[in-house]
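Commentary on secondary and tertiary structure
As a plain string of letters, each chain reads:
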Amino acid sequence: MNTKSIITILLLIFVAVSVVYLVTGNKQADTEASVTETAVEPSSTPENHQIIAYYYHGNRRCKTCRTIEAYAAEAIQTGFADALDAGQVDWQVLNFEDSANAGAVEDYDLVSQSLIIVEWQDGEKLRWKNLERVWKLVGEKKAFLDYVQQEVAAYLGET
């Protein structure tokens, strides 16, 4: 065999192994994403008022989407620890492709992964906002955390 034939065979083996890896890797990611997550109604607080930050994701989750989820969780947990403990703020991660969450697609005009802030009063949705800037700020963690915390604080009526 000449060098050209050996290189061709090695490249074909590499391509075959890569395809097998991609196929099995995607099945694992789909299995992880298929864990059922369902929307939870706001919990009852003394004032029956609550702000919920929902992170909606799809079945396929890229690194950027996971980073947005992690940064948003950090922003909520570090910025509103007392409000979380008191039930004034809640954090939920939900799959918008799950049939149990189909209403969210219509309610919040979801077309992709989104961070949604919703204000609830006595079980009724008063207002909501899609924090679209998270996509632009994902490369700037501090700006991302500040943005999310400012938006949640505004919904809580804090300055």
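To keep things clear, this report deals only with the structure shown in the data block. (Residues numbered from 1 in each chain as written. Predicted model: local features only at pLDDT ≥ 70, side-chain atom pairs only at ≥ 80, totals over all residues. Heavy atoms only, no water.)

**Quick word on the packing of aromatic side chains**
Going through the model one piece at a time under the given rule, you end up with five aromatic pairs. Between Tyr54 and Tyr56, the ring centres sit 5.7 Å apart and the planes meet at 25°, which makes this aromatic pair stacked. Judged on exposure class, the residue Tyr54 and its partner Tyr56 are both buried. It is Arg133 that lies over the ring of Tyr147; its NZ or CZ is 4.7 Å from the centre. (Phe/Tyr/Trp six-rings, centres within 6.5 Å; stacked < 30°, edge-to-face > 60°. Buried < 20%, exposed > 50% of the residue type's maximum accessible area, 1.4 Å probe, protein only. Lys NZ or Arg CZ within 6 Å of the ring centre and 35° of its normal.)

**Details of the sheet that holds strand S4 (residues 124–130)**
Reading across from one edge, S2-S1-S3-S4 is the order of the four strands in this open sheet, with mixed pairing throughout. Both edges of this open sheet fall to strand S2 (89–95) and S4, since each of them pairs with a single strand only. Each strand axis lies, on average, 25° off the axis of its neighbour in the sheet, ignoring direction. (Pairing = 2+ DSSP bridges. Helix = DSSP H or I, 4+ residues; strand = E, 2+ residues; numbered from the N terminus. Axes fitted to C-alpha atoms, helices over the stretch in contact; angles between N-to-C directions.)

**Some thoughts on the environment of Leu145**
As for its placement among the helices and strands, Leu145 is situated in helix H6 (residues 141–156). The exposure class of Leu145 is buried, given its relative accessible area of 12%. Separated by 72 residues in sequence, Leu145 and Ala73 place their C-alpha atoms 9.3 Å apart. In contact with Leu145, other than residues within four places in its own chain, are Tyr71, Glu74 and Ala75. (Contact = heavy atoms within 4.5 Å.)

**Examining the pairing of strand S1 (residues 49–57)**
Of all nine residues that make up S1, nine are buried, and the element is covered over most of its length. Of the two faces of S1, the one carrying His49, Ile51, Ala53, Tyr55 and His57 and the one carrying Gln50, Ile52, Tyr54 and Tyr56 are both buried. The pairing of S1 with S2 spans seven bridges and is classified as parallel. Opposite Ala53, over in S2, you have Trp91 as the bridge partner.

**A closer look at helix H2 (residues 63–79)**
For H2, spanning 17 residues, the distance from its first C-alpha to its last is 24 Å, which sits close to the expected 24 Å at 1.5 Å a residue. Looking at the buried residues of H2, the elements they touch are S1, helix H3 (81–86), S2, strand S3 (114–121), helix H5 (134–137) and H6. (Expected span 1.5 Å × (residues − 1).)

**Structural notes on a nonpolar patch on the surface**
Taken together, Met1, Ile6, Ile9, Leu10, Ile13 and Val17 make up a surface patch of nonpolar side chains, about 620 Å² in accessible area. With respect to the helices and strands, Val17 occurs in helix H1 (residues 3–33). Overall, the relative accessible area of 55% leaves Val17 in the exposed class. (Patch = residues over 30% accessible without salt bridge, like charges linked within 9 Å, V, L, I, M, F, W, Y side chains within 5 Å. Areas by Shrake-Rupley, 256 points an atom, 1.4 Å probe, with all protein chains shown as cover. Salt bridge = Lys/Arg side-chain N within 4 Å of Asp/Glu carboxyl O.)

**Observations regarding the pairing of S4**
Pairing analysis gives six bridges linking S3 to S4, with the strands arranged antiparallel. Of the residues in S4, the one forming a bridge with Ile116 is Asn130. In this structure, the hairpin formed by S3 and S4 is closed by a connection of two residues, where Asp122 is found at a positive phi of approximately 50°.

Remember, this is a structural readout, not a statement about activity or role.
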